[in-house]
Amino acid sequence: MSRIAYFGPQGTFTEQAARRLAPGEELIPAETIPAALAAVRSGAADAACVPIENSVEGAVTATLDSLSEAEPLIAVAEVLLPVHFSVLTRPGTTEIRTVASHPHALAQVRHWVEANLPGARPVATSSTAAAAVAVDAGDFDAAVTAPVAAEHYPLEVLATEVADVRDAKTRFLLVRAPGELPEPTGADRTSIVAAATNRTGALAELLTELAVRGINLTKLDARPTRNNFGEYRFFLDFEGHVTEPRIGDVLAALRRRCRNVRFLGSHPRADNGTTEIEPGAANEDFTDAIAWVESVRKGAQA
Ligand SMILES: O=C(O)C(=O)C[C@]1(C(=O)O)C=C[C@@H](O)C=C1
């Protein structure tokens, strides 16, 4: 049985994602996202499940930063989960002065809290389930949690289906040490983090490498390198799998152009997206073109 570290404690959305991505495996809760990834780097876990992107609040920056630092890890699978929340309180609570949750969750229920718990002060906790633990301990009055948290903690359900934006979703990754890659499926996603040189047009050039090969970008985030003010790393997700000639070709180009490129994995997409192929950008076009250059070099044709 594999050991899967996940951003916990028990009852987080990430735990639900881990159950979907690694059914039947042993799940080990970690208090923070960096701790879940560190467990894989140290060998304490075989893989980790972490959130990467929410449709309302955007990137989960702790995941981006942790993936770009220390030993490289690669994403081998992803899952999209619908996100709506329950609000839990200690039995007998009459007044709610504090509402605790993960900052991403608080941002997704801001209007609901203003309308339904006027005057309640939002308080950030390390995760939604950590908020439930803190409410149980008497630290805060209400927790905004995943619905499943109500099954793990002795709290009362004040409200369900809470969400300012209907149909919100969070994407989660299953991450492990570099090794064998998942097979290409025809609807894959490749992720990299690149440190472009700090000069005019560097980011535009990087994106142009994708555009000229007809490769569709699905996400772009920038995070500070934390070394020099104004210096950023770019996280790029795009359609395709590293084993495809057109994706290999763009990775080689980015490797030439950037100070540093880290491969963060190729895996099947969970959003039912199809891969768009521009004219001249199919894998056969790349293979044919390379074969033609080879034949020219050998003097077989011009
Ligand atoms: O705290 C949790 O339950 C998590 O799994 C984290 C997380 C996030 O990082 O966005 C996951 C989904 C929700 O959007 C809120 C919080």
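Note that this is a predicted model, so its numbers are computed, not measured. (Residues numbered from 1 in each chain as written. Predicted model: local features only at pLDDT ≥ 70, side-chain atom pairs only at ≥ 80, totals over all residues. Heavy atoms only, no water.)

Observations concerning the overall build of the protein chain
Within the protein chain, the regular secondary structure consists of 9 helices and 15 strands. If one aligns the C-alpha atoms of the protein chain with their principal axes, the spans along those axes are about 85 × 45 × 35 Å. Here the contacts in the protein chain between residues at least 6 apart in sequence split such that 75% fall between residues at least 24 apart. In the protein chain, 28 side chains carry a positive charge and 39 a negative one; their mean positions are 6 Å apart. (Helix = DSSP H or I, 4+ residues; strand = E, 2+ residues; numbered from the N terminus. Contact = heavy atoms within 4.5 Å. Lys, Arg positive; Asp, Glu negative; His and termini not counted. Charge placed at Lys NZ, Arg CZ, Asp CG, Glu CD.)

Focus on the packing of helix α8 (residues 245-257) against helix α9 (residues 283-297)
Each pair of packed helices gets described by two things: the angle between the helix axes and the distance between those axes. It is the contact of α8 with α9, at a shortest axis distance of 7 Å, that shows an interaxial angle of 70°. With respect to α9, the axis of α8 lies roughly perpendicular. On α9, the residues touching Pro-245, Arg-246 and Asp-249 of α8 are Asn-283, Phe-286 and Thr-287. Looking at the contact of α8 with α9, its residues break down into 2 nonpolar, 2 polar and 2 charged. (Axes fitted to C-alpha atoms, helices over the stretch in contact; angles between N-to-C directions. Parallel < 35°, antiparallel > 145°, perpendicular 65-115°, else oblique. Nonpolar A, V, L, I, M, F, W, Y, C, P; charged D, E, K, R; others polar.)

A look at the site of the ligand
In the vicinity of the ligand, 13 residues are found, and the nearest of them are Phe-13, Thr-14, His-104, Gln-108 and Thr-128. Within the side chain of His-104, one N or O atom sits 2.9 Å away from an oxygen atom of the ligand. Computed on the free molecule, the ligand has an accessible area of 360 Å², of which 100% lies beneath the protein chains in the complex. Here the shell around the ligand is built from residues that sort into 4 nonpolar, 9 polar and no charged. No fewer than three residues from each of domain 1 (1-82 + 169-179) and domain 2 (84-162) sit in the shell around the ligand. (Near = heavy atom within 4 Å. Polar contact = N/O pair within 3.5 Å; in protein donor to acceptor, adjacent residues only side chain to side chain. Areas by Shrake-Rupley, 256 points an atom, 1.4 Å probe, with all protein chains shown as cover. Domains from an automatic or database assignment.)

Structural notes on the packing of aromatic side chains
The full count for this structure, using the stated rule, is 1 aromatic pair. Judged by centre distance (5.4 Å) and plane angle (85°), the rings of Phe-13 and Phe-85 are edge-to-face. Taken together, the residues span a long stretch of sequence, with Phe-13 in helix α1 (residues 13-21) and Phe-85 in strand β6 (residues 85-89) at a distance of 72 residues. For the pair Phe-13 and Phe-85, one class covers both residues: buried. (Phe/Tyr/Trp six-rings, centres within 6.5 Å; stacked < 30°, edge-to-face > 60°. Buried < 20%, exposed > 50% of the residue type's maximum accessible area, 1.4 Å probe, protein only.)

Examining the domain arrangement of the protein chain
Assigned domains of the protein chain: these are domain 1 (1-82 + 169-179), domain 2 (84-162) and domain 3 (181-302). When each unit is reduced to the centre of its C-alpha atoms, the spacing between domain 1 and domain 2 is 23 Å. Tallying the contact residues gives 17 residues for domain 1 and 19 residues for domain 2. Between domain 1 and domain 2 the total buried area reaches about 1300 Å² when both faces are included, carbon and sulfur atoms providing 63% of it. Inspection of the domain 1/domain 2 interface yields 6 residue pairs in polar contact (both at pLDDT 80 or more). Of all elements in the fold, only α1 and β4 (58-59) reach the threshold of two or more residues within the side of domain 1 that touches domain 2. Of the residues forming the side of domain 1 that touches domain 2, the biggest block, 3 residues, is contributed by α1. Of the residues in the side of domain 1 that touches domain 2, the class split is 7 nonpolar, 7 polar and 3 charged. (Buried area = accessible area lost by both parts, 1.4 Å probe.)

Overview of unusual backbone geometry
For the bond from Gly-8 to Pro-9, the omega torsion is 10°, close enough to zero to count as cis. Take Pro-9: it is sitting in the loop between β1 (3-7) and α1. Phi is positive for Glu-161, close to 55°, though the residue is something other than glycine. One can find Glu-161 in strand β10 (residues 156-162). For Glu-161, a relative accessible area of 47% gives the class partly exposed. The phi torsion at Asp-167 lies on the positive side, around 60°, for a residue other than glycine. Residue placement: Asp-167 occurs in the loop between β10 and β11 (169-176). Classification of Asp-167 by relative accessible area gives exposed; the value is 67%.

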